[in-house]
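Residues per chain, in single letters:
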Amino acid sequence: MLRSNLLENAQRAACRDADRSIAIEAIDRVDPFIGCEETRLPEPQGLAAAWWWPKAQIGNTHPGAVAPWGMVSACPYSGAYPTGYGLYAKNTDGKPGRMFDRYLASGFTHFHQTGTGAIRKYYNYVHVTPTTAGFESVGRQYTLEDEAASPGYYRCRFGETGVLAEVTAAPRAVVYRYTFPKAARSNILIDCAQGGIASPYGRTVPTLADVEVTSHNTAQARLVVEGVALYVHIELDREHWKYGVWFDGKNVGGGRQLVFDHIRESTLKPFGVHFGGPTDEGEPVELRLGFSWRSAEQAQANLEQLPGRGFDAVHAQARRVWGHTLDKARVTPGGEPGDDDAAQVFSTALYHACLKPSEAAGESPFWPGDGPFYFDFCTMWDIYKTQLPLIQTIDPQRGADIVNSLLTICEQEGNFPIGYRMARGADRFFRQASALAHVSILDARLRELPGIDWDFALTYMDKDLQRGYGEDFLEKGVVHPLVHTLDLAYGCYCTARLAQLQGDKALAERMAGLAGRWRNAYDESTGLLRESTYYEGRKWNYSFRFLHDMPGRVGLAGGPEKFCALLDRFFGYDAGPVAQLGLPPHGEAEEAGYRLNRFEGLNNEPDMEAPYAYLFAGRHDRCAEVVQAGMRYMYAPGRGGLPGNDDSGAMSSWYVWSAMGLFPVAGQDAWLIGSPRFPEAELQTQGGPLRVLADGLSSDRIYVAGATWNGEAWPHAWLPQHKAIEGGELRLTMSDRPNGWGATPPPMWSLDG
């Protein structure tokens, strides 16, 4: 352990000397363990005490090694829900029940979700165990000790064997360093039959497999899992260890290859590759794995592209890449208690926002071609609001590549994805939402991101709206679950706006008429959505979503005062805390809680933009109060620092935006101005840095009393996005009381110009 700590410190010092531009301070603030345990947050006070948490109270993150938007990750495997790492059984609401009373792992697996609640199928392929025991130890759980993690790096010690395991990640490969005790025979056992998690219905097994040792220290495997072929190339830095293939806990004597042309789960036995030999005390052994969805040759090429073959070189590169990524959004803590903790939460939130979707250009297993390819849009209904706008801001080329990937998926598979993962299944395109890719495509056009064929995009935006729930929407003007009506109406608006920008007047007029059907979802007598079925919420949770016609929405509610009154009811102004209601902890609590008609307290994303809806009623002060309560009571350092599932970085992205004092209106040319958490923040945009300065900010000075934009007085509670992404300086004067600043509602860029 001492050797590892000294080496890690030396690597950090070397990185500082090699490249002073790296945000070393930011990267060292990141705690990848935030969110991997059940929620433990400050006791909510004031307004936050009135909020309701309907979903699982756990972030469901993992601390494993992964590159920014990397194709592959590596993390210890216990079989726990849902990532394969950790302590917990299946959880969808309330406090999660434990599967284990301490951290255990049977080895490491690869490919993991992050922050999701339930996505039906799970990854965790290619199970690797370093051990001093034999084949009988396959699947045995060891105690995890001395855990540590940083961006691109994870370390632990397996308590019963004393093996120190370190792993670092490149985009399509991982490198392990195992430090063994003195042993006559240390083993590295690679189980290719492992997949999924230990929860009910969570297991995944290959249907076809081909495993081969190709030399004294290399091997390769092809596994067909959920209709997708995964290739792995394996290299060991030992030339004189024994090697071979194994099946059902036994070495296949003299065997170098295993081929399974038809695997059934009911008769499956573990199988894979093994390496072994003597070790001295403290002797390191390195194992390298390259992955591909295309071929064994491509898996080997992905490994050979690493910056040097050794662990230290790959780890140093991972730190450099993560350092540059985390430098794209920076904050300066103030001097108040808790500000340093908030800075750690911010840096970790940015880290979590840069994990998904996973990039794999030229690796699509579903069609030939070498263009952009992204997978794990596992919660598109969440990430389109906050995370995808953040990616388009800090990495415009990546934002363009994601849009081109979405267009190719629609061209090749018939629909834009909703829950797209590396597996076959109709649920990748339907179920929880509709037409969300349309919003991201229009966002990209409004930002003028490069290399996108906008006429091609229009063709598939139009076609996608005719499929799935869209058919009922076009024929009847409304579709249930009612949230699809809002999605599709907004998708029609986005298509109309892009058609307008591209000069297609006929398509713009047709789609503009359909976009007005959002009104069919609302009840003018209540100012809320009509009764329907809803995903993970009730009508109140969805009633304050941003629309393309917010003036019309406010008018439908009876005007700004009545709209504000509805929001006040929703956020619990003048209401007692939930804790006083005596709700049961599970089951009945969900229904009783929803009857409160309250904000979900950032435990879930359907109403995550609702605090900013106050700006459309001219009440910036209310927005400031709710946003500040959310940041202070719903996020914290430590493993229990998230209020609910992070959902692929959506919840973390909310914090990144809000802490900087900004919030994007996805699909519109507007960034809303909120109430920042830090006196200084800087966001790298495609045109240069955007600085947000909050003069006089403190825990009791949260209201904006005045503002300047690039030195000129700015009375508006929004910035035009096309100006914000050019860079500049927004300076806010903070006060302990509201003075009416920002009373003019933000404009929405309507189809009328």
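Only a predicted model underlies this, so the values are computations on that prediction, with no experimental measurement involved.

### Comments concerning the overall build of the protein
Then, number 1: Along its length, the protein carries 20 helices and 31 strands.
Then, number 2: For 753 residues, the compact-globule formula gives about 27 Å, and the C-alpha radius of gyration of the protein, at 26 Å, lands near that figure.
Then, number 3: Principal-axis analysis of the C-alpha atoms places the extent of the protein at approximately 80 × 55 × 50 Å.
Then, number 4: The buried share of the protein, reckoned over its 753 residues, is 65%.
Then, number 5: When contacts within the protein are restricted to residue pairs at least 6 apart in sequence, those whose partners lie at least 24 apart make up 73%.
Then, number 6: For the protein, the accessible area works out to roughly 25300 Å², and carbon and sulfur atoms hold 48% of it.
Then, number 7: For the protein, the separation between the mean place of its 71 positive charges and that of its 90 negative charges on side chains is 2 Å.

### Let's talk about the sheet that holds strand β24 (residues 662-664)
Then, number 1: In space, the three strands of this open sheet follow the order β24-β25-β30, with antiparallel pairing throughout. Only two strands of the sheet have a single neighbouring strand rather than two, namely β24 and β30 (718-720). On average, each strand axis in the sheet is inclined to that of its neighbour by 25 degrees, with strand direction left out of account.
Then, number 2: Of the strand pairs in this sheet, β24 and strand β25 (residues 670-673) are connected by three bridges, and their pairing is antiparallel. When the sheet's bridge partners are listed, Phe663 is paired in β25 with Leu672.

### Brief notes about the pattern of salt bridges
Then, number 1: Scanning the entire structure with this criterion turns up 36 salt bridges.
Then, number 2: Between Arg238 and Asp237 there is a salt bridge; the shortest N-O distance is 3.2 Å.
Then, number 3: Between Glu531 and Lys539 there is a salt bridge; the shortest N-O distance is 2.6 Å.
Then, number 4: On the accessibility criterion, Glu531 (59% relative accessible area) is exposed.
Then, number 5: Taken together, the shared-partner salt bridges connect Glu680, Arg691, Asp695, Glu729 and Arg731 into one network.

### Some thoughts on the packing of aromatic side chains
Then, number 1: Applying the stated rule across the entire model yields 43 aromatic pairs.
Then, number 2: Here the aromatic rings of Trp518 and Tyr522 are separated by 5.7 Å at their centres, their planes lie at 80 degrees, and the arrangement is edge-to-face.
Then, number 3: Trp518 sits in the buried class, given a relative accessible area of 2%.
Then, number 4: What makes Tyr522 buried here is its relative accessible area of 0%.
Then, number 5: Put simply, the rings of Phe111, Tyr123, Tyr125, Phe291, Trp293, Phe366, Trp367, Phe373, Phe375 and Tyr420 pair up and form one aromatic cluster.
Then, number 6: Sitting over the ring of Tyr103, Arg639 keeps its end group 4.6 Å from the ring centre.

### A few points about the state of the cysteines
Then, number 1: Using the criterion set out here, one finds zero disulfides in the structure.
Then, number 2: Here Cys75 stays free of any disulfide, with the sulfur of Cys36 as its closest cysteine sulfur at 8.7 Å.
Then, number 3: Classification of Cys75 by relative accessible area gives buried; the value is 0%.

### Notes on the side chain of Asn217
Then, number 1: Here Asn217 shows up in the loop between β11 (208-215) and β12 (218-225).
Then, number 2: A distance of 3.4 Å separates a polar atom in the side chain of Asn217 from a polar atom in the side chain of His216.

### Looking at the packing of helix α12 (residues 483-502) against helix α13 (residues 505-515)
Then, number 1: The N-to-C vectors of α12 and α13 enclose an angle of 155 degrees; their axes lie 8 Å apart at closest approach. If you check the angle between α12 and α13, you find them roughly antiparallel. Crossing angle aside, the handedness with which α12 passes α13 is left-handed. Listed contacts from α13 to Ala489, Cys492, Tyr493, Thr495, Ala496, Ala499 and Gln500 of α12 are Leu507, Ala508, Met511, Ala512, Leu514 and Ala515.
Then, number 2: Of the residues in the contact of α12 with α13, the class split is eleven nonpolar, two polar and no charged.

### Remarks on the confidence of the model for the protein
Then, number 1: On average, the protein scores 92 in pLDDT, and the residues at 70 or more come to 95%.
Then, number 2: Confidence drops under pLDDT 50 across residues 1-24; counting only partners more than four residues distant or on other chains, this segment forms 37 contacts.

### Examining the side chain of Asn541
Then, number 1: Secondary-structure assignment places Asn541 in helix α14 (residues 539-542).
Then, number 2: Residue Asn541 is classed as buried on the basis of its relative accessible area, which comes to 3%.
Then, number 3: Within polar-contact distance, the side chain of Asn541 engages the backbone oxygen of Arg598 at 3.3 Å.
Then, number 4: Apart from residues lying up to four places away in sequence, Asn541 is in contact with Phe570, Tyr594, Arg598, Glu600, Pro606 and Asp607.

### A few points about the environment of Pro32
Then, number 1: Inspection of the secondary structure puts Pro32 in the loop between α2 (24-29) and β1 (65-66).
Then, number 2: The sequence separation of Pro32 and Glu363 amounts to 331 residues, and the corresponding C-alpha distance is 27 Å.

### Quick notes on the sheet that holds strand β31 (residues 728-735)
Then, number 1: In space, the six strands of this open sheet follow the order β19-β26-β27-β31-β28-β29, with mixed pairing throughout. Each having just a single partner strand, β19 (329-332) and β29 (712-713) make up the two edges of the open sheet.
Then, number 2: Here strand β26 (residues 680-685) runs beside strand β27 (residues 688-695); their pairing, made up of six bridges, is antiparallel. Opposite Glu682, over in β27, you have Arg691 as the bridge partner.

### Considering helix α3 (residues 296-304)
Then, number 1: Among all positions in α3, only Ala296, Ala299, Asn302 and Leu303 are buried. Axial view of α3: buried residues confined to an arc of 120 degrees, hence all on one face.
Then, number 2: In this structure, the buried side of α3 is in contact with β9 (173-180), β12, β13 (228-236) and β18 (283-292).

### Comments concerning unusual backbone geometry
What is expected of a backbone is that most residues other than glycine have negative phi and most peptide bonds are trans.
Then, number 1: The linkage connecting Tyr81 with the following residue, Pro82, adopts the cis geometry, with an omega of -10 degrees.
Then, number 2: Tracing the backbone through its elements, the reader meets Pro82 in the loop between β2 (73-76) and β3 (104-105).
Then, number 3: A cis amide bond links Lys356 with the next residue in sequence, Pro357, at an omega value of -5 degrees.
Then, number 4: Within the fold, Pro357 resides in the loop between α5 (339-353) and β20 (358-359).
Then, number 5: Its identity as a non-glycine residue notwithstanding, Ala435 has a phi of 55 degrees, on the positive side.
Then, number 6: Inspection of the secondary structure assignment puts Ala435 in the loop between α8 (396-413) and α9 (436-446).

### Observations concerning the pairing of strand β17 (residues 271-279)
Then, number 1: The element β17 is largely enclosed, with a buried count of eight among its nine residues.
Then, number 2: Where strand β10 (residues 183-191) and β17 come together, seven bridges link them in antiparallel fashion. Bridging from a neighbouring strand, Asn187 pairs with Gly276 of β17.
Then, number 3: As paired elements, strand β14 (residues 242-247) and β17 share six bridges and run antiparallel to each other. When the bridges of β17 are listed, Trp246 appears paired with Gly272.

### Regarding α12
Then, number 1: Between the first and last C-alpha of α12 there are 29 Å, a value that for 20 residues agrees with the 28 Å anticipated at 1.5 Å per step.
Then, number 2: Of all the 20 residues making up α12, 17 are buried; the element is thus mostly covered by neighbouring parts of the structure.
Then, number 3: Just past α12, the residue Gly503 takes up positive phi, approximately 80 degrees.

Conventions adopted
- Every chain is numbered independently, its residues counted from 1 as its sequence is written.
- The predicted origin of the model limits local features to residues at a pLDDT of at least 70 and limits the giving and counting of side-chain atom pairs to 80 or more, whereas totals for whole chains, interfaces and linings rest on all residues.
- The basis for every side-chain value is the complete set of heavy atoms in the structure, and neither hydrogens nor water enter the calculation.
- The secondary structure listing takes helices from DSSP runs of H or I that are at least 4 residues long and strands from runs of E that are at least 2 residues long, numbered from the N terminus.
- As defined in this context, the radius of gyration uses C-alpha atoms, and a globule is described by 2.2 Å times the residue total to the power 0.38.
- For every residue, the accessible area obtained with a 1.4 Å probe (protein chains only) is divided by the maximum for its type, and the residue is called buried under 20%, exposed over 50%, and partly exposed between those limits.
- The contact definition used throughout considers only heavy atoms, calling two residues in contact when any of these lie within 4.5 Å.
- Reported accessibility uses the Shrake-Rupley method at a 1.4 Å probe radius. Residues are deemed covered only where the shown protein chains occlude them.
- For this count, His and the chain ends are skipped, Lys and Arg are scored as positive, and Asp and Glu as negative.
- Charge positions are represented by NZ for Lys, CZ for Arg, CG for Asp and CD for Glu.
- Pairing between strands is defined by DSSP: at least two bridges between the two strands are required.
- Note on geometry: axes are C-alpha line fits, over the in-contact stretch for helices, and angles between N-to-C directions span 0 to 180 degrees.
- The rule for a salt bridge is simple: a side-chain nitrogen of Lys or Arg has to be within 4 Å of a carboxyl oxygen of Asp or Glu.
- Only centres within 6.5 Å qualify two rings of Phe, Tyr or Trp (six-membered ring in Trp) as a pair; their planes then separate them into stacked at under 30 degrees, edge-to-face at over 60, and tilted for everything else.
- Both a distance and an angle decide whether a charge sits over a ring: NZ of Lys or CZ of Arg must be within 6 Å of the ring centre and within 35 degrees of the ring normal.
- Cysteine sulfur atoms are paired as a disulfide whenever they come within 2.5 Å of each other.
- Side-chain atoms alone can form a polar contact between residues adjacent in sequence; in general such a contact is a pair of N or O atoms within 3.5 Å, and within protein one must be able to donate a hydrogen while the other accepts it.
- Any angle between 65 and 115 degrees counts as roughly perpendicular, while under 35 counts as roughly parallel, over 145 as roughly antiparallel, and the rest as oblique.
- For a crossing to be left-handed, the near helix must be turned anticlockwise from the far one by less than a right angle; the clockwise case is right-handed.
- Under the convention adopted here, Pro, Cys and the residues Ala, Val, Leu, Ile, Met, Phe, Trp and Tyr are nonpolar, Asp, Glu, Lys and Arg are charged, and Gly plus all remaining residues are polar.
- Known as pLDDT, the predictor's confidence for each residue is given on a scale from 0 to 100.
- This arc describes the spread of directions from the helix axis toward the C-beta atoms.
- Expected helix span is given by 1.5 Å per residue-to-residue step, counting one fewer step than there are residues.

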